[in-house]
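Overview (structure and organization)
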Amino acid sequence: MRALAVLASGQGTNFEALALAAQRGELGGRIVALLSDQPEAPVLARARRLGIEALHLPTGRLRTRIEDEGPWLDALRARGVEVVLLAGFMRRLHGTLLGAFPDRMLNIHPSLLPAFPGLDAIRRAWEHGVRTGGCTVHLVEDALDAGPILAQSAVEVRDDDTLASFEQAIHAAEHRLYPQAVRRFLTEPWHREGRRVIFGASPAAAVAAPPGGSR
Ligand code: GAR
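Throughout what follows, the structure given in this document is the object of discussion. Just so it is clear, the model here is predicted, and its values are computed rather than measured.

This brings us to the site of the ligand. Contacts to the ligand come from 13 residues, most closely from G12, T13, N14, H109 and E174. In this structure, a nitrogen atom belonging to the ligand sits 3.2 Å away from a side-chain N or O atom of D145. When the ligand is considered free in solution it has 450 Å² of accessible area, and contact with the protein chains removes 88% of it. Residue assignment for the shell around the ligand shows that the elements contributing at least two residues are α1 (13–23), β5 (105–109) and α6 (163–187).

Written as structure tokens, this is what we have:
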């Protein structure tokens, strides 16, 4: 079963949804570590409570990225991590980590991308007056909340919603979507056609390995 690590900065409710799915054998991989950039992040205690190794790693002097990603990569490699899941990790990643996990790093974002990338997406969608919000799981590339999309879930805005109830509905959708999307990503064949992620064997693979093995 593939070794996964989660990177998170805050509460860790998405991390917990992933960890519980893994415990039930529904994630398609096992979470071997939780890495955080925030020494006091509640997600660290949540991980320890769930019996998952929790590490706080240094970020250097920068606020929006990690100054030296080397120790982060070392920690992931030392634990044999094959796929990295970002779950409320509030720093942009750069060459060292992105280069080490090409098409092997996923993120969840609380909007229907490409609408409302960046911070405070739920509040900005609410203030914009959207009738439908939602969440997106995507591959991570060197651009903010912008890699190829793996899965999305829509959340309708009800007339009696408040920002708080809308927020709650989006988080509930995230907790369902992220484990499902990770499982699909890890257990089904997929390929890319430009920005599109297509699940199922690629046409080239079908030609190279016809069903039954002979023509
Ligand atoms: C989640 O809503 C996640 O989608 C968002 O941070 C929250 C973390 O909550 N991530 C982003 O906005 C990334 N751009 P959690 O710590 O309870 O999982």
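Under the criterion given, the structure shown has 14 salt bridges. In this structure, R79 engages E53 in a salt bridge whose closest nitrogen and oxygen atoms are separated by 2.7 Å. One end of the pair, R79, is in the loop between α3 (70–78) and β4 (83–86); the other, E53, is in the loop between α2 (42–49) and β3 (54–56), with 26 residues separating them in the sequence. Since its relative accessible area comes to 35%, E53 is described here as partly exposed. Two residues, E127 and R123, come together in a salt bridge whose shortest N-O distance is 2.8 Å. Placement of both E127 and R123 in helix α5 (residues 121–128) is noted, with a separation of four residues, approximately one turn of the helix. Ionic contacts of the salt-bridge type, sharing partners, join the residues E16, R46 and R49 into one network.

Each value, and the rule that gives it
- Per chain, residues are indexed from 1 in the order of the written sequence.
- At least 70 in pLDDT is required for a residue's local features to be given in this predicted model, at least 80 for side-chain atom pairs to be given and counted, and no such filter applies to totals for whole chains, interfaces and linings, which use all residues.
- With hydrogens and water stripped out, all remaining heavy atoms of the structure feed into the side-chain values.
- Throughout, near means a residue has at least one heavy atom within 4 Å of the molecule or strand.
- For the purposes of these results, a polar contact is taken to be a pair of N or O atoms within 3.5 Å, where, inside protein, one atom must be able to donate a hydrogen and its partner to accept one; residues adjacent in sequence count only when each atom of the pair is a side-chain atom.
- We get accessible surface area from the Shrake-Rupley algorithm with a probe of 1.4 Å; when it comes to residues, only the shown protein chains can shield them.
- A run of DSSP states H or I qualifies as a helix once it reaches four residues; a run of E qualifies as a strand once it reaches two. Both are numbered from the N-terminal end.
- We define a salt bridge as a side-chain nitrogen of Lys or Arg found within 4 Å of a carboxyl oxygen belonging to Asp or Glu.
- Summary of the burial criterion: residues with accessible area below 20% of their type's maximum are buried, those above 50% are exposed, and those between are partly exposed, where the area comes from a 1.4 Å probe applied to protein chains only.

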